[in-house]
Structures are given as C-alpha cells and as structure tokens.
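# Residue-level structure breakdown
Here is what each chain is made of, one letter per residue.
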Amino acid sequence: IAIDAGKEILKIYDNEIVVNSKQDKSPITQADIKSNNLIISKLKKIEFQIPILSEESLVSWENRKKWNKYWLIDPLDGTKEFINRNGEFTVNIALIENNLPIFGIIYAPAKSLLYYAHKNKGSYKLNTNTNINSINDFTPIHTKKLKNSIVKIIGSRSHSDPEFLKWVEKNYSKYELVKIGSSLKFCLLAEGDADIYPRLGSTSEWDIAAGHIILEEAGGKLKSFDNMNIMYNTKEDILNPHFLAYGNISNIN
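Rules of the game
Residues numbered from 1 in each chain as written. Predicted model: local features only at pLDDT ≥ 70, side-chain atom pairs only at ≥ 80, totals over all residues. Heavy atoms only, no water. Helix = DSSP H or I, 4+ residues; strand = E, 2+ residues; numbered from the N terminus. Buried < 20%, exposed > 50% of the residue type's maximum accessible area, 1.4 Å probe, protein only. Contact = heavy atoms within 4.5 Å. Axes fitted to C-alpha atoms, helices over the stretch in contact; angles between N-to-C directions. Parallel < 35°, antiparallel > 145°, perpendicular 65-115°, else oblique. Nonpolar A, V, L, I, M, F, W, Y, C, P; charged D, E, K, R; others polar. Phe/Tyr/Trp six-rings, centres within 6.5 Å; stacked < 30°, edge-to-face > 60°. Salt bridge = Lys/Arg side-chain N within 4 Å of Asp/Glu carboxyl O. Pairing = 2+ DSSP bridges.

A few words on the environment of G155. You can see G155 is positioned in strand β10 (residues 151–156). For G155, a relative accessible area of 2% translates into the label buried. A sequence separation of twelve residues divides G155 from W167, and the C-alpha atoms of the two residues are 12 Å apart. Residues contacting G155, with those up to four places away along its chain left out, are F164, L177, V178, K179, I180 and K185.

The next thing to look at is the packing of helix α6 (residues 184–191) against helix α7 (residues 205–217). Viewed as axis vectors pointing N to C, α6 and α7 meet at an angle of 5 degrees, and their least axial separation amounts to 9 Å. The angle between the axes of α6 and α7 places the two elements in the roughly parallel class. For the pair α6 and α7, contact is made by F186, L189 and A190 and by D207, I208, G211, H212, I214 and L215, respectively. Broken down by class, the residue content of the contact of α6 with α7 amounts to six nonpolar, two polar and one charged.

Here the focus is the packing of aromatic side chains. Both the distance between ring centres and the angle between the ring planes are used here to describe each pair of aromatic rings. Per the counting criterion, the structure on display carries twelve aromatic pairs. Aromatic side chains W167 and F225 sit 5.8 Å apart centroid to centroid with 85 degrees between the ring planes, which places their arrangement in the edge-to-face category. With W167 in helix α5 (residues 162–171) and F225 in the loop between β13 (221–224) and β14 (243–246), the pair connects residues that are 58 residues apart, well separated along the chain. A relative accessible area of 16% means that W167 is categorised as buried. In this structure F225 comes out as partly exposed when scored by relative accessible area, which is 33%. Between F186 and Y197 the ring centres are 5.6 Å apart and the planes differ by 80 degrees, which places this aromatic pair in the edge-to-face class. One end of the pair, F186, is in helix α6; the other, Y197, is in strand β12 (residues 196–199), and eleven residues separate them in sequence.

The subject of this paragraph is the pattern of salt bridges. Tallied over the entire structure, the rule returns nine salt bridges. Between D237 and K235 there is a salt bridge whose closest N-O contact spans 3.5 Å. Judged by its relative accessible area of 28%, K235 falls in the partly exposed class. If you follow the salt bridges from partner to partner, you end up with K22, E55 and E56 in one network.

The next thing to look at is the sheet that holds strand β3 (residues 52–54). Strand order across the open sheet formed by seven strands is β3-β4-β5-β6-β7-β8-β9, with mixed pairing between neighbours. If you trace the sheet from one side to the other, it starts and ends with β3 and β9 (139–140), each paired once. When strand β6 (residues 100–108) meets strand β7 (residues 113–118), the two strands line up antiparallel, connected through six bridges. Looking across to β7, one finds that G104 is bridged to A117.

Here it is in structure tokens:
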C-alpha cells in the first residue's frame, strides 16, 4: 500500500505541482489527497472494522476516544520537501493499539527506500528497486553506539527553531548537525547514521507514530522532554509534546 501510494505521489512529483493552503496555512497538493485516498481505500480492504485517522481525513474526538486499535497515517509527510523536490518526503502508516504503535512503515518513494517494524519483531529496510519475494529480502537495521565524542544531532530541513540551537549548544560542545526532512529523521537514528533528534517545534501524532516503532524496534527510544512515554489518542488535540528521539541510550549525556 505504501509503495502504491508512493507511485501516485511520484506521478505528480515528476510533473507540475500545484500548491494550495489548508486552514492552518500549511501547504497541500494533489499528491497529499491522492495518496490519502489510495491508502484509506486499501486499508479498509484489509480489515474494514479498523478505523483510520489521517492528516487529510480527521475524525472527531467524540468518535475516536473510544478507539482501542486504529490506523494512523500521514499520506505525504514532508510536503515542503516534496514541493522543493529534494526527495526527502515519505508515506507514513502506523497501526496503534492501546495508545502505542505496534506496526509502522515509512516509505520514501523518491529514494526507493522502505522502512518497517513490527512490535517485538525488529526493524527492517528495503530498497524497493529490488524484487520483494519475502521478509528475508529486508535488511535488519539497528541503532549504533556513539563512535567518538562528536554527537550527530538531527535538525529539521524546513522548520528552523532558535530553541533547538539553544538546547543543542547547552548540552553538547562537540556535535555535527544533520538536516533532513520528514520522518526520515527516525530512519537515520534507527540505522545508526545519527545519534539524537530533539524536537522542540510543533508536530502531530501522524508525523511520528511509524518512526516511533521503527526506532524502538531498532534499539532506540522516543521520550518527551520530561522523560515520559509518548502516547497516542489520549486527548482531543493530536499534537505531540516536545520530544527526544535517540539511538543507543549510552549516546545521551
């Protein structure tokens, strides 16, 4: 489903991109809408009973507060990266049960890279240019211990935040800043290509759910700044607290 959604996105990516604005002034394109419709349609065919919450198909709190299990999707994460044509955009699909993700997929169609995780079964990566015959075609991925004193810290490609730099400089004297868009930040951590991703800006639950399970199954952690677990669908708004995502726990001062 994620790959099929990616194909729809690339059809528009390779042609003219028409950008409109949502009520909150954030950008939306036909790629967001087409990917959303495809994902919802195909997920319903898997099991019609499981409800779906998407960035482009909101559901009232009155209805969703009763949910124990549901799909949480961002049909095009990194719309600004998509518009800028830098390839750093993804399709995010997560399955939430008891307020935590138990399954997640992140697909970067412009890079032909797919990441996935299943609770207690590890995290995996696949180059989708190769033939997919079985789960054995996926490569397991793991976080890595810090190799030297220089910490690789992930920052957002499109969202600058002065509080982010203040936090980094307060906590680390030697660091390398790695900028990347969308949920690929979590994939870098899960693969061991970066050490920590502090997020002090605004994010929504669909931005992080798939990355959350992929990171944790690879050996990393996602916690709020006050060291609490990130929970899903526990309140009316879908905004996340400020959080720290990190690889091997020994990396963190």
